[in-house]
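One letter stands for each residue in the lines below.
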Amino acid sequence: MAEQYYDFIIIGGGAAGLTAAQYGARANLSTAVLESASKGGQSLLINDLENYPGVFPAVSGYELIEVMVKQAKSFGAEFLTLTVKSIEKKDSLFEITTNKGVITAKAVLLATGAKHRHLGIEGETELAGKGVSYCASCDGPFFRNKRICVIGGGDAACDEATFLSNLTDKVYLIHRRDKFRAQAAVAERVMKNPKIEIMFNKTPVKINGTNKVESIVLKDVNTGEEIVHETDAVFIFTGMIPQTALADLAEKDEAGYVVTDENMETSVKGLFCAGDVRSKPFRQIITAAADGAYAAHAAEKYIRGE
Ligand code: NAP
């Protein structure tokens, strides 16, 4: 590939990147989305996306992404399949080194997402989407009045257990220690909730089920005793891993997410960040899309020197 130039390069083709591509191309910036594999990111894991405003009845995450790609292309955005190795800023241009050559750009958007930390136990991958979930607002409503387990002891586990307790009579919150990692106020809300039963000192060792979750095997960390706990769903909130391998230049928060201002600009002028890799309190497709729109709008102003 000969050296290529674009006004606006977007790394990552999930909801944030695709929205930015649409806005960037529509603003007449030469815009390209770089992806190493398939487009879509975490959205592809969603079977029924029923909380995206204006999309009703529910579609799959795959269907939404397919339309977003078409929409971005209709405005002139390009899609390049390659692996980005590094980003450097040289004077006022960014130099993006890929496995297929170097691309230069005036502005760059990092939209590389985050991955859920998995438990790595038997049954977790096999039953993902069949009762094993990493998103309460996406999948919780499918388990209305069913037996629900939540794994983890951080803010996310406590917040999501509270959310899920509005959908069913009993939520079991399973944590491997006897003390929550979550902020005191968040943990206290859980402890006062009569619909949440806390199981401390238990670590999950296996999820059982054929085609759907039937039970989870829990090991007591003190005695080593294992129990089989029947459940219809296992929601796992054991932390996220932001995909920041390309974000060396930018400032991060304590948890490793990229810090931006309200225009999605990082600590480096012209380097923007949007979606789940960004430091923020609420990670959803709609918040990723909103980030992407803000980032493209700000990138346009930056590129035009406004
Ligand atoms: P987190 O704070 O890293 O908590 C992860 C939890 O999962 C910890 O309790 C950890 O146990 C447990 N865990 C990790 N690996 C495990 C394993 N293999 N088996 C069993 N348990 C395991 O992650 P988070 O709750 O997703 O929060 C991430 C960040 O987002 C935090 O900075 C948090 O404050 C923020 N956040 C804030 C809010 C809010 O303000 N309302 C809501 C959501 C997230 P240990 O405690 O034993 O390590």
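Being a predicted model, the structure only gives us computed values, none of them experimental.

1. Observations regarding the overall build of the chain
For the chain, the helix and strand inventory stands at six helices and 17 strands. Computed over the C-alpha atoms, the radius of gyration of the chain is 21 Å, within 12% of the 19 Å expected from 2.2 N^0.38 for a compact globule of 306 residues. In the chain, which comprises 306 residues, the proportion classed as buried is 50%. Across the chain, contacts joining residues at least 24 apart in sequence account for 59% of those joining residues at least 6 apart. Accessible surface, the chain as shown: approximately 14,900 Å² in total, 49% of it carbon and sulfur.

2. Quick notes on the pattern of salt bridges
Enumeration according to the criterion identifies 13 salt bridges in this entry. A salt bridge links glutamate 230 to arginine 147, with the nearest nitrogen and oxygen atoms 3.3 Å apart. Of this pair, glutamate 230 sits in strand β14 (residues 226–230) while arginine 147 is found in the loop between α3 (136–139) and β9 (148–151), placing the two residues 83 residues apart along the sequence. By relative accessible area, glutamate 230 is classed as exposed at 54%.

3. Here's the deal with the site of the ligand
Near the ligand, the surroundings consist of 15 residues, among which Asp155, Asp159, Arg176, Arg177 and Arg181 are the closest. Take glycine 154: an N or O atom from its main chain is 3.3 Å from an oxygen atom of the ligand. The side chain of aspartate 155 places a nitrogen or oxygen atom 2.5 Å from an oxygen atom of the ligand. Out of a free accessible area of 910 Å², the ligand has 71% covered by protein chains. Of the residues in the shell around the ligand, the class split is three nonpolar, seven polar and five charged.

4. Observations regarding the packing of aromatic side chains
Scanning all chains against the criterion turns up three aromatic pairs. Centroid distance phenylalanine 272 to tyrosine 302: 6.3 Å. Interplanar angle 75°. Geometry classified as edge-to-face. Here phenylalanine 272, found in strand β17 (residues 271–273), pairs with tyrosine 302, found in helix α6 (residues 285–303); they are 30 residues apart in sequence, far enough to count as distant. Overall, the relative accessible area of 1% leaves phenylalanine 272 in the buried class. For the cation-ring pair, arginine 283 lies above tyrosine 257, with the distance from its terminal atom to the ring centre recorded as 4.0 Å.

5. Here we look at the sheet that holds strand β15 (residues 233–236)
With respect to topology, five strands assemble into an open sheet ordered β8-β15-β9-β10-β11, the strand pairing being parallel. Taken across any chain shown, the strands that pair with only one partner, and hence form the sheet edges, are β8 (132–133) and β11 (196–199).

6. Brief notes about the nonpolar core
Among soluble globular proteins, nonpolar side chains are generally buried collectively. If you look at the biggest cluster of nonpolar residues, it comprises 34 residues, and the most contacted ones within it are Phe8, Ile10, Phe79, Leu109 and Phe272. Elements represented by at least two residues in this core include exactly β1 (4–11), α1 (15–26), α2 (61–74), β6 (101–110) and α6. For this core, the element with the most residues is α6, which contributes eight residues. In contact with phenylalanine 8, not counting residues within four places along its chain, are Ala20, Gly24, Leu29, Ser30, Thr31, Ala32, Ala107, Val108, Leu109, Ala296, Ala299 and Ile303.

7. Considering the domain arrangement of the chain
When cut into domains, the chain gives domain 1 (4–115 + 240–305) and domain 2 (118–236). For domain 1 and domain 2, the distance between their C-alpha centres works out to 32 Å. Taken together, the contact pairs six residues of domain 1 with six residues of domain 2. For the pair domain 1 and domain 2, the summed buried surface comes to about 450 Å²; carbon and sulfur atoms form 47% of the total.

8. Quick look at the layout of surface pockets
There is about 170 Å³ of room inside the second largest pocket. Surrounding the second largest pocket, Leu18, Thr19, Gln22, Tyr52, Val55, Val59, Glu63, Leu64, Val67, Met68, Gln71 and Ala289 form its lining. If you list the elements that add at least two residues to the lining of the second largest pocket, you get α1 and α2. Tallied by class, the residues present in the lining of the second largest pocket amount to eight nonpolar, three polar and one charged.

9. Section: the state of the cysteines
With the rule as written, the count across this model stands at one disulfide. Paired by a disulfide, cysteine 135 and cysteine 138 hold their sulfur atoms 2.0 Å apart. Across the S-S bond linking cysteine 135 and cysteine 138, the dihedral sits near 70°, which makes this disulfide right-handed. According to the relative accessible area criterion, cysteine 138 is buried, its value standing at 15%. Among the cysteines around cysteine 149, which has no disulfide bond, cysteine 158 carries the closest sulfur, lying 15 Å off. Here cysteine 149 falls in the buried class, since its relative accessible area comes to 0%.

What counts, and where the lines are drawn
Residues numbered from 1 in each chain as written. Predicted model: local features only at pLDDT ≥ 70, side-chain atom pairs only at ≥ 80, totals over all residues. Heavy atoms only, no water. Helix = DSSP H or I, 4+ residues; strand = E, 2+ residues; numbered from the N terminus. Rg over C-alpha atoms; globule rule 2.2 N^0.38 Å. Buried < 20%, exposed > 50% of the residue type's maximum accessible area, 1.4 Å probe, protein only. Contact = heavy atoms within 4.5 Å. Areas by Shrake-Rupley, 256 points an atom, 1.4 Å probe, with all protein chains shown as cover. Salt bridge = Lys/Arg side-chain N within 4 Å of Asp/Glu carboxyl O. Near = heavy atom within 4 Å. Polar contact = N/O pair within 3.5 Å; in protein donor to acceptor, adjacent residues only side chain to side chain. Nonpolar A, V, L, I, M, F, W, Y, C, P; charged D, E, K, R; others polar. Phe/Tyr/Trp six-rings, centres within 6.5 Å; stacked < 30°, edge-to-face > 60°. Lys NZ or Arg CZ within 6 Å of the ring centre and 35° of its normal. Pairing = 2+ DSSP bridges. Core = buried A, V, L, I, M, F, W, Y, C linked by side-chain atoms within 4.5 Å. Domains from an automatic or database assignment. Buried area = accessible area lost by both parts, 1.4 Å probe. 1 Å grid on protein atoms, 1.4 Å probe; cavity = no way out; pocket = protein on both sides within 12 Å on 5 of 7 lines; lining within 4 Å. Points joined across faces, edges and corners; volume = space filled by probe spheres on them. Disulfide = S-S within 2.5 Å.

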